[in-house]
Amino acid sequence: MSADSTAFDLVIRGGTVVTPQGPSQLDIGVRDGVIAALGAGLPKGQSEVDATGHIVLPGGIDSHCHMDQQPWEGRSSADDFRTGTLSAMCGGTTTVIPFAMQMRGQSLRAIVDDYYERARPKAHIDYSFHLVVGDPTPEVLSRELPALIAEGCTSIKIYLTYDGLKLDDYEVLQVLDLARREGAMVMVHAENDGCIRWLTERLLAERKTKIKYHVASHPDIGDREATYRAISLSELAEAPVLVAHVAAGAAVDEIRRAKARGVPIYAETCPQYLFLSADDLDTHDMSGAKCVCTPPPKHKDNQQHIWRGVLDGTLDCFTSDHSPINYVDKIAGGPDTPFTKIPLGVPGIETRLPLLFSAAVSGGRMTLLDFAEITATRAARLFGLYPRKGVIAVGSDADLAIWDPEKRVTITNTILHHATDYTPYEGMEVQGWPVTTISRGEVVWANGAVSSNAGRGKFIACERPLQRMTTPIAALKG
Ligand code: MN
């Protein structure tokens, strides 16, 4: 490290800095967008940020969020990369991983090329892509995926439900086999499609069409079965999976059991499963539509099981699943709209971190280091971004969020920067807010003001998160 007083472009001084060793009083010296030094009393930088009394955390990684995805089942995205990444950044997030989504009959390559063009001129912060594989044809498996993984899209998302997206068990195994050979991570949407279809038909036949029945149509048993099936297929194919948006306590139990027997299973949950419940969909007017997403928020007493999974490490990542659907579009069908016709998804890319910080860190239930892990570090490791992203360390990108742990904020949609016309957390009060966000050494958000340009964010090619495996699986050994 150079002691030259002009060595640093930026010094963040006097904050409590959360490194992998835990929180400590350190200055951060930044040069060329990278953390060049960590230490006490660093020499003056060309510019300085005073972080006295504040907490400096790794900028969040939102490894499950949607923006400007192709229209699907009548859903059109309220947020493109400009507003989606702006909102993320103002909520203390510095990297997003949204989804390039292939459906039956489409070329994955063409979808990804289109998605690059949607992101490049508009992103405020850095981004990578997950590849939604909705049609694992021989062409996709043998050519498109290996090439896309080689160029830095190293994670695959598959669905066990939804027409046009769902894969059968045989197809899941084919994708897992490809992922094993290529060292890619597979995320699974684990709900049982047959359970949902069967219950939905029964509910509609009994004229149970109100919004609240969306919860009943997505039973915890189906989440449990699909999670167990994903784990089982993962074990057979010897390829790890990450269970997306874990909503049901019964699914947490399956993940905990798999981890206990040493299976490399990973999982994430989202704010809607800690802070919303079935009660929020059971309204006299249509406002329950604001909380319609899949899996839906479960019954109130389920929240404690998700909390336990968050706090005991069963759930590795905390992501938003930001799905920007306007409320006006959700209720466009009028008051008699059956629950099956309410567009799915809740926004939350900007409120993700403050909600968890307030309830878990300010609430005294989670250490700052664990908060950094579940909101940034583990996602970086699981998706091949570590140590460039997700950690405060010399040599890592200077992607930082500076938090005022005392700041009290009442969440209301007018203070948020997404283009979605509501937040499901309207009126909730939180303690702790990210007051400054720094992306690759540039202050992009500070004291309520944005100082960033759309298009400054870069595509980050992910490394392969897993070792490439060419040896036969145990099931093939004689
Ligand atoms: Mn999603």
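Refer to the structure above for everything that follows.
Note that this is a predicted model, so its numbers are computed, not measured.

Asks: Account for the sheet that holds strand S12 (residues 185-189), naming residues and giving values.
Replies: Read from one edge of the open sheet, seven strands run S8-S10-S11-S12-S13-S14-S15, paired in parallel fashion. This sheet does not close on itself; its edge strands, each paired only once, are strand S8 (99-101) and strand S15 (317-318). The pairing of strand S10 (residues 130-132) with strand S11 (residues 155-159) spans two bridges and is parallel. Following the sheet pairing, Val-132 is matched in S11 by Lys-157. Strands S12, strand S13 (241-243) and strand S14 (265-269) of the sheet are contacted by helix H7 (residues 220-237), whose axis makes an angle of about 170° with S13.

Asks: Give me the layout of surface pockets: which residues, what numbers.
Replies: Approximately 270 Å³ is the volume attributed to the second largest pocket. Around the second largest pocket, the lining comprises 13 residues; the ones closest to its centre are Lys-210, Ile-211, Thr-283, His-284 and Asp-285. Grouping the constituent residues of the lining of the second largest pocket by class yields four nonpolar, four polar and five charged.

Asks: Can you tell me about helix H2 (residues 108-119), naming the residues and giving the values?
Replies: With twelve residues, H2 should reach 16 Å at 1.5 Å per residue; the first-to-last C-alpha distance of 16 Å fits that figure. Residues of H2 that are buried include every one of Leu-108, Ile-111, Val-112, Tyr-115, Tyr-116 and Ala-119, and no others. Buried residues along H2 cover an arc of 140° about the axis, so they all sit on one side. Buried-residue contacts for H2 involve helix H1 (81-90), S8, strand S9 (126-127), S10 and helix H3 (138-150). Its side-chain oxygen placed 3.3 Å from the backbone nitrogen of Arg-109, Ser-107 serves as the N-cap of H2.

Asks: Could you give an account of the pairing of strand S2 (residues 22-31), naming the residues involved and the relevant values?
Replies: For a regular strand, the rule is simple: side chains alternate between the two faces of the sheet. Relative to S2, strand S1 (residues 10-19) is paired through eight bridges, and the arrangement is antiparallel. Across the sheet, the residue bridging to Ile-12 is Ile-28, located in S2. Between the end of S1 and the start of S2, which pair antiparallel, lie two residues.

Asks: Give a description of H7 that names residues and reports values.
Replies: Between the first and last C-alpha of H7 there are 26 Å, a value that for 18 residues agrees with the 26 Å anticipated at 1.5 Å per step. Close packing links the buried residues of H7 with helix H4 (169-182), S12, helix H5 (193-205), S13, helix H8 (249-260) and S14. Within two residues after H7, Glu-238 carries a phi angle of roughly 55°, on the positive side.

Asks: A description of the environment of Phe-339 should follow, citing residues and the corresponding values.
Replies: On the secondary structure map, Phe-339 appears in the loop between helix H11 (327-330) and helix H12 (352-362). Of the residues examined, Phe-339 reaches a relative accessible area of 3% and is grouped as buried. As for Phe-339 and Ser-451, which are separated by 112 residues in sequence, their C-alpha atoms are 41 Å apart. What Phe-339 contacts, discounting residues up to four positions off in sequence, is Thr-200, Leu-203, Leu-204, Lys-208, Thr-209, Lys-210, Ile-211, Tyr-213, His-214 and Ser-217.

Asks: How would you summarise the sheet that holds strand S6 (residues 60-62) if you had to cite specific residues and measurements?
Replies: With parallel pairing, the three strands of this open sheet are ordered in space as S6-S7-S9. Every other strand in the sheet has two partners, leaving S6 and S9 as the edge strands with one partner each. In this sheet, strand S7 (residues 93-96) lies alongside S6 in parallel orientation, the contact comprising three bridges. If you follow Ile-61 over to S7, its bridge partner there is Thr-95.

Asks: Can you tell me about the coordination of the manganese ion, naming the residues and giving the values?
Replies: The manganese ion binds to the protein through His-64 (NE2), His-66 (NE2) and Asp-321 (OD); the donor distances cover 2.1 to 2.2 Å. In the primary sequence, the donor residues of the manganese ion line up as H-x1-H-x254-D. On the criterion of sequence distance, the pair formed by His-66 in the loop between S6 and H1 and Asp-321 in the loop between S15 and H11 is long-range, its members being 255 residues apart. Note on Asp-321: relative accessible area 7%, which makes it buried.

Asks: Go over the side chain of Thr-200 with me, naming the residues and quoting the values.
Replies: Locating Thr-200 in the fold gives a position in helix H5. Judged by relative accessible area, which is 13%, Thr-200 ranks as buried. If sequence neighbours within four positions are ignored, Thr-200 has contacts with Ser-217, Phe-339 and Thr-340.

Asks: I'd like a description of the pairing of S1, backed by residues and values.
Replies: By the criterion of burial, S1 is predominantly enclosed, with seven of the ten residues buried. Two elements, S1 and strand S4 (residues 47-50), share four bridges in a ladder whose sense is parallel. Along S4, the bridge assignment pairs Ile-12 with Val-49. As judged from the two bridges shared by S1 and strand S5 (residues 55-58), these two strands associate in the parallel manner. What sits directly across from Thr-16, in S5, is Ile-55.

Definitions and limits used
- Residues numbered from 1 in each chain as written.
- Predicted model: local features only at pLDDT ≥ 70, side-chain atom pairs only at ≥ 80, totals over all residues.
- Heavy atoms only, no water.
- Pairing = 2+ DSSP bridges.
- Helix = DSSP H or I, 4+ residues; strand = E, 2+ residues; numbered from the N terminus.
- Contact = heavy atoms within 4.5 Å.
- Axes fitted to C-alpha atoms, helices over the stretch in contact; angles between N-to-C directions.
- 1 Å grid on protein atoms, 1.4 Å probe; cavity = no way out; pocket = protein on both sides within 12 Å on 5 of 7 lines; lining within 4 Å.
- Points joined across faces, edges and corners; volume = space filled by probe spheres on them.
- Nonpolar A, V, L, I, M, F, W, Y, C, P; charged D, E, K, R; others polar.
- Expected span 1.5 Å × (residues − 1).
- Buried < 20%, exposed > 50% of the residue type's maximum accessible area, 1.4 Å probe, protein only.
- Arc of directions from axis to C-beta.
- Polar contact = N/O pair within 3.5 Å; in protein donor to acceptor, adjacent residues only side chain to side chain.
- Donors = N, O, S within 2.8 Å, 3.2 Å for Na, K, Ca; no water.

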